[in-house]
Structures are given as structure tokens and as C-alpha cells.
Amino acid sequence: MSSMFDKKGLSRWLLAFLGAALLSVAAHASPKVVKKVPPEFPREATQKGVSGGSVKAKILIDGDGKVTGVEILEAEPKRIFDRAVTNALMEWRFEGTGEKQTHEVKLVFKNED
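These numbers were taken from a predicted model, which means no experiment stands behind them. (Residues numbered from 1 in each chain as written. Predicted model: local features only at pLDDT ≥ 70, side-chain atom pairs only at ≥ 80, totals over all residues. Heavy atoms only, no water.)

1. Comments concerning the sheet that holds strand E2 (residues 52–61)
Rules: At least two DSSP bridges between two strands are required for those strands to pair. The secondary structure listing takes helices from DSSP runs of H or I that are at least 4 residues long and strands from runs of E that are at least 2 residues long, numbered from the N terminus. To get an axis, fit a line to the C-alpha atoms, keeping to the stretch in contact for a helix; angles then go from 0 to 180 degrees between the N-to-C directions. Note on definitions: a residue-residue contact is assigned when non-hydrogen atoms from the two residues lie within 4.5 Å.
Spatially, E3-E2-E5 is the arrangement adopted by the three strands of the open sheet, whose pairing is antiparallel. Of all the strands in the sheet, just strand E3 (67–76) and strand E5 (101–110) have a single pairing partner and so form its edges. Strand after strand, the sheet turns through a mean of 25 degrees between neighbouring axes, direction not considered. As judged from the eight bridges shared by E2 and E3, these two strands associate in the antiparallel manner. Bridge assignment links Ala-57 to a residue of E3, and that residue is Ile-72. Along the sheet, helix H3 (residues 82–89) contacts E2, E3 and E5; its crossing angle with E3, the most-contacted strand, is approximately 150 degrees.

What follows is the structure, given as C-alpha cells:
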């Protein structure tokens, strides 16, 4: 986490956070997010010269609002941002409804260093 405190690391974190767009594609009312954790911009992406991309994922939510699983539905480029998205989404929390539900989100990454 120390990289978040240098200028470049903080810039990447902020860009990933600000670039993360929530896209609801559920037919019913979207579950209310009560805790959102931004994904980190992967070092691997920077090393490979990748400055942006997006991941569409399905989130499995238990009745208490805890995320119990993440399924990557689409990713561009493939497999570069998947781990960062999964790690972040597993930390998200939703308002509990007493029932299991699913929700789809699209997270967009952009690094302008």
C-alpha cells in the first residue's frame, strides 16, 4: 500500500476510483451499495503498457448484503484487470434484503500517467 502515497501511485488509485463506473443491467431494482472499494490499477497493466480497459462482472450477494462471489463476464483487455476487480468487489457491501441476489457492474480503468 505504500505505493498509494507516492504521486504516481496516488494518481493511479484516483484514476481507477474515478474511472470506475457502476452500470446496472439488472431488470429489477438495483441493490443499494453501502460500501464501495475502488480497484487498484494493476502494476502488470503498467508494465505491459496498458493504460486502460474495462471489466463487466456479476456480483453474488447474500441476504445480509455481503458479496459472496464475483464472476467476470467480459474484460478488455482480457485477464489484465480481473484480479483487481475481483478483490475490490469482494469488499463491497450492499444493503441487506434478506434474500440472495445478483448484480452486474462495469468498472472502467484509465491511467493517464
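2. With respect to the pairing of E5
The condition that has to hold: Remark: exposure states derive from per-residue accessible area (1.4 Å probe, protein chains only) relative to the maximum for the residue type, with buried under 20%, exposed over 50%, and partly exposed in between.
Only one face of E5 is buried: it carries Gln-101, His-103, Val-105, Leu-107 and Phe-109, and the other face, with Thr-102, Glu-104, Lys-106, Val-108 and Lys-110, is open. Examined bridge by bridge, E2 and E5 share 10 bridges and lie antiparallel to one another. Opposite Lys-58, over in E5, you have Glu-104 as the bridge partner.

3. Description of the packing of aromatic side chains
Let me state the cut-off plainly: Pairs were defined over the aromatic rings of Phe, Tyr and Trp, the Trp ring being its six-membered one, requiring ring centres within 6.5 Å. Orientation was assigned from the angle between planes: stacked under 30 degrees, edge-to-face over 60, tilted for the rest.
As enumerated under the stated definition, the model contains four aromatic pairs in all. Between the aromatic rings of Phe-41 and Phe-81, the centroid separation amounts to 5.5 Å while the plane-to-plane angle is 70 degrees, which identifies the pairing as edge-to-face. On the criterion of sequence distance, the pair formed by Phe-41 in the loop between strand E1 (33–35) and helix H2 (43–47) and Phe-81 in the loop between E3 and H3 is long-range, its members being 40 residues apart. On the basis of an interplanar angle of 70 degrees and a centroid distance of 6.2 Å, the ring pair of Phe-41 and Phe-109 is categorised as edge-to-face. With a gap of 68 residues between them, Phe-41 in the loop between E1 and H2 and Phe-109 in strand E5 connect regions that are remote in the sequence. Phe-109 matches Phe-41 in its accessibility class, with the two residues each being buried. Cluster of aromatic residues (ring-pair linked, three or more members): Phe-41, Phe-81 and Phe-109.

4. Digging into the pattern of salt bridges
As a reminder, the rule being used: Just to be clear on terms, a salt bridge is a Lys or Arg side-chain nitrogen sitting within 4 Å of an Asp or Glu carboxyl oxygen.
Counting across every chain of the model gives three salt bridges. Here Lys-32 ties to Glu-95 by a salt bridge, and the two come within 4.0 Å at their closest N and O atoms. Placement of the pair is Lys-32 in the loop between helix H1 (7–19) and E1 and Glu-95 in the loop between strand E4 (93–94) and E5, with a sequence separation of 63 residues. Between Lys-56 and Glu-104 there is a salt bridge whose closest N-O contact spans 3.8 Å. Residue Lys-56 is located in strand E2, and its partner Glu-104 is located in strand E5; the two are separated by 48 residues in the primary sequence. The class of Lys-56 is partly exposed, set by a relative accessible area of 22%.

Read these as geometric descriptors, not functional statements.
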